[in-house]
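One-letter residues, chain by chain:
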Amino acid sequence: METKIDDLKTQLTKLESPETTGSNKERKKLYVALELCAAYASLDLKRSVVQYADLGVDLDGECVEAHCYKAEALRGMAEGKPSHKAVQRGKPKKTRDAPREAAGARRAPRAESTRRAPALSGAPAPAAAPPTTEAVRTAGGAPLSKSAWNVKDTWEEVDVTSWAVERIAELFMGTPLPLYDGDLRLRIYDVRRVVGHAQVVIFQRKVRSIFDLEEVELSWVAEDGGEGQFKGAATLRGFANSADAGDLEISTNFACKTETHEAVKTFLRNEGGARAQLAQLLEDFEREFTQLTGDGVALARSFEKSGRLRDPAAEENSPEVREARLAAAKRQAFQDDMRISNPKLKVTM
C-alpha cells in the first residue's frame, strides 16, 4: 500500500508541475486525489483523507465522491471510529479451505475480568431517561468549544433541530396571544408541522447558533374570558435568526362570518398584532439558544427526533406518494384512451 501511495504522490507531483500540459490535466489530478483518498481511508489515516478530499473539492466543487470521503473522515474523527474502508480491510476473508472447529471441541474459558457480574434481581436495568428541553437549557458546564479532533478549526456542525422544534412548541403553546382590547385572545394549542433546521456551528474559533424554520403550522382557538369561541389554523414563515415582526409572515384562511372573526383575522396578519408577539417569543428562543453550554448542546444533539419535524423532499418521494401519483397517471391514461376511441363518450371518474 505504501508503494502505491508513493506512486500516486509522484503522479500528482508531475501533474502539478508547470511543464505538464494538456486539456485533461485537472481531471487527471482529480482522479489521483480520489485514489489517494481511497488508499488513506483503507489505512484509517483520516487527516490525510481530508487533505486530499479538499484537493478534490478545489478541483471540482461538485465531485460527490470527494465530499463523501471528507464527510466520512470528519465524522470518524469526531466519533473516534475507523473509516468504512479500514473496517473492511481489517475483516478476515472467508475461504472455503478454512479449517472448521471440531464438533466436540471446547471453547476457551473467558477471563474473569470479562465475565458479567450476576444480576441482583430479575428486573432489567432501567434505561436512561431521554433529555428534556429544560435539561438542555439548564445544563451546566463550560461554553461550547471545538472538538479535540478539530485541530485546524475546520467546519464543525451539531444538529439540534429536534430540540429546537420542541422548545419552540413549548413557547408557542405556553404563551397566550391577547388581542388589542377586551378579554379576547388566541391560544395556540398545537404545533402540528415544522419544516426547517437548527444547528450549532463551530468555525475558526467562533460558535454560531443558526436556526431557520421555513414553515410552522399552528392550531389555535379564540377564547373570550377563558371560554372557547372558534378554532382555526395558521402557517408561520420566516422564524429565523434576528428576524423581527416585519420579517414574519402569517397566512390563514377561514370565512369571516362575524366581527370577531374579522378581528382575529386582522390580528393574525397585521405586523403589530400576532406577528409582534411571536417576534418576542422568537427573541426569547434565540437568547436561550445562544446561551447553551457545551453540555447543553451535547444533550440537544441526543434529543429524539421530533414528531412535528417534516422533510418535504422525503415526503414527496415516499412510497405512498409515488403510488398515488402512479394511480392518478393510470386513471388519466384510461380516460384519454376512452376519449380517443369514442369521442362522444363522457368519461367521469
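These remarks concern the structure in this document. Everything numeric here is computed off the predicted structure, so don't read it as measured data. (Residues numbered from 1 in each chain as written. Predicted model: local features only at pLDDT ≥ 70, side-chain atom pairs only at ≥ 80, totals over all residues. Heavy atoms only, no water.)

Things to note about the overall build of the chain
For step 1, the next point in the chain: When you go through the chain residue by residue, the secondary structure sums to 12 helices and 7 strands.
For step 2, the next point in the chain: A burial count over the chain gives 35% of its 349 residues as buried.
For step 3, the next point in the chain: In the chain, once contacts between residues fewer than 6 apart in sequence are set aside, the share between residues at least 24 apart is 65%.
For step 4, the next point in the chain: As displayed, the chain offers around 22800 Å² of accessible surface, 50% of which is attributable to carbon and sulfur atoms. (Helix = DSSP H or I, 4+ residues; strand = E, 2+ residues; numbered from the N terminus. Buried < 20%, exposed > 50% of the residue type's maximum accessible area, 1.4 Å probe, protein only. Contact = heavy atoms within 4.5 Å. Areas by Shrake-Rupley, 256 points an atom, 1.4 Å probe, with all protein chains shown as cover.)

Some points on the pattern of salt bridges
For step 1, the next point in the chain: With the rule as written, the count across this model stands at 11 salt bridges.
For step 2, the next point in the chain: Ionic pairing is found between arginine 308 and glutamate 166, a salt bridge with its closest N-O pair at 3.3 Å. Pair noted here: arginine 308 is in the loop between helix H10 (294–301) and helix H11 (312–316) and glutamate 166 is in helix H7 (residues 161–174), with a separation of 142 residues, a long-range link. The exposure classification of arginine 308 matches that of glutamate 166, with both residues buried.
For step 3, the next point in the chain: One continuous salt-bridge network, built from bridges that share partners, spans Arg193, Glu215, Glu217 and Arg237. (Salt bridge = Lys/Arg side-chain N within 4 Å of Asp/Glu carboxyl O.)

Quick notes on the environment of leucine 30
For step 1, the next point in the chain: For leucine 30, the location among the structural elements is in helix H2 (residues 25–42).
For step 2, the next point in the chain: Of the residues examined, leucine 30 reaches a relative accessible area of 2% and is grouped as buried.
For step 3, the next point in the chain: Remark: the alpha-carbon pair of leucine 30 and aspartate 58, spanning 28 residues in sequence, is separated by 9.2 Å.
For step 4, the next point in the chain: Leave out the neighbours within four places in its chain, and leucine 30 touches Gly56, Leu59, Asp60 and Cys63.

Looking at the nonpolar core
For step 1, the next point in the chain: Core analysis: the largest hydrophobic core is formed by 51 residues, its most contacted members being Phe172, Trp220, Phe239 and Val264.
For step 2, the next point in the chain: For this core, the secondary-structure elements that each account for two or more residues are H7, strand E3 (184–203), strand E4 (206–224), strand E5 (227–237), helix H8 (259–269), helix H9 (274–290) and H10.
For step 3, the next point in the chain: Top contributing element to this core by residue count: E3, with 8 residues.
For step 4, the next point in the chain: Setting aside residues no more than four positions away along its own chain, phenylalanine 172 makes contact with Ile188, Val191, Val216, Leu218, Leu236, Phe239, Leu278 and Leu281. (Core = buried A, V, L, I, M, F, W, Y, C linked by side-chain atoms within 4.5 Å.)

Considering the packing of H7 against H9
For step 1, the next point in the chain: Close contact between H7 and H9 brings their axes to 10 Å; oriented N to C, the two are set at 140°. As summarised for this structure, H7 and H9 are arranged oblique, according to the angle between their axes. The interaxial crossing formed by H7 with H9 has right-handed handedness. On H9, the residues that touch Trp163, Ala164, Arg167, Ile168, Leu171 and Phe172 of H7 are Leu278, Leu281, Phe285, Glu288 and Phe289.
For step 2, the next point in the chain: In the contact of H7 with H9, the residues fall into 9 nonpolar, no polar and 2 charged. (Axes fitted to C-alpha atoms, helices over the stretch in contact; angles between N-to-C directions. Parallel < 35°, antiparallel > 145°, perpendicular 65-115°, else oblique. Left-handed = near helix turned anticlockwise from the far one by under 90°. Nonpolar A, V, L, I, M, F, W, Y, C, P; charged D, E, K, R; others polar.)

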